[in-house]
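# Summary of the model geometry
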Amino acid sequence: MVSLIIGHKGSGKTKLLVDKVNEAIEHSDGHVICVEKETKLTYDVNYRARLVATDSYFVSGFDAFYGFLSGLCAGDHDVTDIFVDATFRIGGRDYEQLADFLKKVDDLSKMTDTRFCFTISTDLENLPERMFAYCEKIN
């Protein structure tokens, strides 16, 4: 399952994401990962979640980002949830590439039985409609 938290900068997306991470930790029988561009959430996310900064691994663009997420799943078969903050800052701001990326993530989610949640900084009407065939908006 792929979930999206959509809204403008300052609309509370990251706070909602942090709440979802901390909630998942309480209910997960495996591992919870929180991915961000740079280390900012260290004191917000429960210590039991693995916090990963993509800048530390030189991840840039949606293809590299997908490979990174695939590697997280392949390296740990006990991952139940992956939360991602600042999706556009990691992958780029191309809406069509985002839709293609999220389709691949949906396939990865089904294959690995991992739930994904992404924050998206934009208006809902800017996003391609086809994304909502495989993504759910949660805010």
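This section reports on the structure supplied with the text. (Residues numbered from 1 in each chain as written. Predicted model: local features only at pLDDT ≥ 70, side-chain atom pairs only at ≥ 80, totals over all residues. Heavy atoms only, no water.)

### Focus on the pattern of salt bridges
Counted only if it meets this: Think of a salt bridge as a Lys or Arg side-chain nitrogen and an Asp or Glu carboxyl oxygen that are within 4 Å of each other. Only protein chains enter the accessibility calculation, which uses a 1.4 Å probe; a residue whose area is less than 20% of its type maximum is buried, one above 50% is exposed, and one in between is partly exposed. Each helix is a run of DSSP H or I of at least 4 residues and each strand a run of E of at least 2, with the numbering of both proceeding from the N terminus.
If you walk through the whole model with that rule in mind, you get 11 salt bridges. Among the salt bridges present, the one from Glu-38 reaches Lys-40, with a minimum N-O distance of 3.4 Å. Residue classification places Glu-38 among the partly exposed positions, given a relative accessible area of 28%. The closest approach of N and O atoms between Arg-130 and Asp-100, which form a salt bridge, is 3.0 Å. Here Asp-100 lies in helix H4 (residues 95-112) and Arg-130 lies in the loop between strand S5 (115-121) and strand S6 (135-137), a separation of 30 residues in the sequence.

### Remarks on the pairing of strand S2 (residues 31-36)
This is how the line gets drawn: If DSSP finds at least two bridges between two strands, the strands pair.
Counting buried positions along S2 yields five of six residues, so the element is predominantly enclosed. When S2 meets strand S4 (residues 79-84), the two strands line up parallel, connected through five bridges. Residue pairing across strands places Val-32 opposite Asp-81, the latter belonging to S4. Where S2 and strand S3 (residues 50-53) come together, four bridges link them in parallel fashion. Residue Cys-34 lies in a different strand from S3, and its bridge partner there is Leu-51.

### A closer look at the nonpolar core
Test applied: By nonpolar core we mean a set of buried residues, namely Ala, Val, Leu, Ile, Met, Phe, Trp, Tyr and Cys, connected to one another through side-chain atoms within 4.5 Å. What makes two residues a contact is simply this: any of their non-hydrogen atoms within 4.5 Å.
With 32 residues, the main nonpolar core has Val-35, Phe-65, Leu-69, Ile-82, Phe-101, Leu-102 and Phe-118 as its most contacted residues. Secondary structure elements with two or more residues in this core: strand S1 (2-7), S2, helix H2 (62-75), S4, helix H3 (87-91), H4 and S5. For this core, the element with the most residues is H2, which contributes seven residues. The residues touching Phe-101, leaving out its near neighbours within four places in the chain, are Phe-62, Phe-65, Tyr-66, Leu-69 and Phe-118. Core analysis: the next-biggest nonpolar cluster, separate from the first, contains 13 residues, Ile-5, Ile-25, Val-32 and Cys-117 among them.

### Some remarks on the packing of H2 against H4
Any two packed helices are characterised by how steeply their axes cross, that is the angle between the axes, and by the distance between the axes. The cut-off we apply is this: Angles run from 0 to 180 degrees between N-to-C directions of axes, and those axes are lines fitted to C-alpha atoms, restricted for helices to the stretch in contact. Oblique is the label for any angle not covered by the other classes, which are roughly parallel (under 35 degrees), roughly antiparallel (over 145) and roughly perpendicular (65 to 115).
Two elements in contact, H2 and H4, have axes separated by 10 Å at closest approach and are oriented at 10°. On the basis of their axis angle, the class for H2 and H4 is roughly parallel. The segment H2 lies against H4, with Phe-62, Asp-63, Phe-65, Tyr-66, Leu-69, Ser-70 and Cys-73 engaging Gln-97, Leu-98, Phe-101, Lys-104, Val-105, Leu-108 and Thr-112.

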